[in-house]
Amino acid sequence: METTIIQTNIGKNARIATNALFFLCGISFASWASRIPDMKELLQLSDAALGTVLFAMPIGSLTALPIAGVIIHKFGSKRITFLAVLVYFIALPLLGLSASPVTLAISLFIFGFGSDLLNIAMNVQAVGVEKIQKRSIMSSFHAVFSIGFMLGAALGGLIAKQGISTFHHLVAIGSLDLLIGIVSFSYLLQHDHKSDENQPLFAIPDKSLIILGVICFCGMLCEGAMADWSVLYYKQVMNNPNGFATAGFTAFSVLMVVGRIFGDRILQHFGLRKTLLINCLLVFVGMSIAILISLPVAVVIGFGVTGLGLSTIVPLIYSEAGHSKTMAAGVALAAISTLGIAGFLIGPVMIGYLSEFFSLKIALSSLILLGLLGSFLTTKISNQ
């Protein structure tokens with residue numbers, strides 16, 4: 001009885017600490033993103049030059065992914081989370097100090113590297129908390145990330161309007177990260193969850209994991225496309241320059257948070273396969289409404305439904321990968337994350353090229369097809 005109580009307390013403390021890390025990750029990324037226009041103006045970068053410089057961050061992320069799986073398996077996610085927080089503490093001020101495109105690109109590479117070290121490590125911690133509490137709670141962790149992201153974006157805009165420099169803003173966020181990291185460290189799980197002590201470090205993903213990876217790729221591709229093109233679609237295609245141009249993306253973001261808050265309960269009721277099927281069908285329905293009905297209110301509703309559909313795809317797949325019986329948790333999560341980030345990077349570029357050759361409306365119509373593809377792939381997942 002006493003052992004059970006101790007385990008319960010450990011699980012509660014670890015959940016709070018892991019939530020703090022998800023919040024840290026969200027507010028840090030949004031804080032940097034909110035200052036991109038200021039850095040563009042400071043360094044006098046063209047749109048093309050800015051796009052080239054910003055690409056350093058995903059390169060850093062992709063570089064970190066294969067390394068993250070190995071070092072988490074060897075040293076444990078607890079140590080690596082703190083290492084990642086230290087990288088944040090260093091990288092954020094460096095971003096604000098950047099005086100040339102080259103130094104900004106180097107800083108972004110470091111920031112991207114740290115971001116994915118933290119991403120994989122904190123998700124491994126989340127899987128361990130799920131194991132202790134014996135239920136799926138991954139979606140709630142990602143809801144905290146989304147809340148942190150929205151708060152960071154809002155605060156970033158307010159801070160920028162007050163004339164506070166990018167450097168001082170990001171130093172404050174980096175210091176907050178370090179404080180959260182230090183306080184959280186003691187409460188994180190000491191040992192990572194392993195389904196099988198004999199799991200190999202390197203292994204070919206099984207069929208189920210590959211299918212989940214492809215669905216994650218489709219979901220993140222849609223997220224990337226929506227993040228970069230939804231506001232432009234509302235402004236250009238709807239021909240509503242005087243309206244609230246971010247209304248559609250705001251609906252998308254808010255309903256994504258709502259979906260993640262309730263995602264774990266939905267999973268417990270319907271199971272993995274049915275929940276992912278609902279997610280993908282919502283993406284199909286939402287984008288169909290936004291594209292086929294040429295009214296501003298339809299775009300807002302459609303983007304909101306799409307956000308609801310995309311909300312729990314990544315958390316549910318991360319949870320399932322972390323409980324893999326054929327690969328170590330960190331390695332499985334790194335493999336899934338690699339596909340997801342690839343989709344997130346390809347999405348905006350794909351929409352850009354399709355829009356150039358056809359139109360933005362036709363380009364975003366491709367997301368309807370991705371919703372259908374994801375729905376089909378869910379039928380190939382073993383029922384759970």
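Below you will find a few notes about this structure. Quantities reported herein were computed from a predicted structural model and do not represent experimental measurements. (Residues numbered from 1 in each chain as written. Predicted model: local features only at pLDDT ≥ 70, side-chain atom pairs only at ≥ 80, totals over all residues. Heavy atoms only, no water.)

Things to note about the nonpolar core
Counting 96 residues, the largest nonpolar core has Trp32, Met287, Leu364 and Leu367 as its most contacted members. With 14 residues, the single largest contributor to this core is helix H9 (residues 207-236). In contact with Met287, not counting residues within four places along its chain, are Met226, Gly302, Phe303, Thr306, Leu364, Leu367 and Ile368. (Core = buried A, V, L, I, M, F, W, Y, C linked by side-chain atoms within 4.5 Å. Buried < 20%, exposed > 50% of the residue type's maximum accessible area, 1.4 Å probe, protein only. Helix = DSSP H or I, 4+ residues; strand = E, 2+ residues; numbered from the N terminus. Contact = heavy atoms within 4.5 Å.)

Overview of the pattern of salt bridges
Across all of its chains, the model carries one salt bridge by this definition. Between Arg35 and Asp38 there is a salt bridge, with its nearest N and O atoms 2.9 Å apart. Owing to a relative accessible area of 28%, Asp38 belongs among the partly exposed residues under this scheme. (Salt bridge = Lys/Arg side-chain N within 4 Å of Asp/Glu carboxyl O.)

Quick notes on the side chain of Ser28
Position of Ser28 relative to the elements: it lies in helix H1 (residues 2-34). Within the structure, the side chain of Ser28 is placed 2.7 Å from the backbone oxygen of Leu24, a separation counted as a polar contact. Beyond its immediate chain neighbours, meaning those up to four positions away, Ser28 contacts Tyr88, Leu92, Phe111, Ile173 and Asp177. (Polar contact = N/O pair within 3.5 Å; in protein donor to acceptor, adjacent residues only side chain to side chain.)

Structural notes on the packing of aromatic side chains
Applying the stated criterion across every chain, the model contains seven aromatic pairs. Ring geometry for Phe22 against Phe141: centres 5.4 Å apart, planes inclined by 25 degrees, an arrangement best described as stacked. Residue Phe22 is found in helix H1, and its partner Phe141 is found in helix H7 (residues 138-161); the two are separated by 119 residues along the sequence. The pair formed by Phe22 and Phe141 is uniform in burial state, with each residue classed as buried. Residues Phe29 and Phe149 carry aromatic rings whose centres are separated by 6.0 Å and whose planes lie at 25 degrees to one another, so their mutual orientation is stacked. Pair noted here: Phe29 is in helix H1 and Phe149 is in helix H7, with a separation of 120 residues, a long-range link. Using a relative accessible area of 31% as the deciding quantity, one classes Phe29 as partly exposed. One aromatic cluster in this structure is built from Phe29, Phe145 and Phe149. Its end group placed over the ring of Phe185, Lys78 keeps NZ or CZ at 4.8 Å from the ring centre. (Phe/Tyr/Trp six-rings, centres within 6.5 Å; stacked < 30°, edge-to-face > 60°. Lys NZ or Arg CZ within 6 Å of the ring centre and 35° of its normal.)

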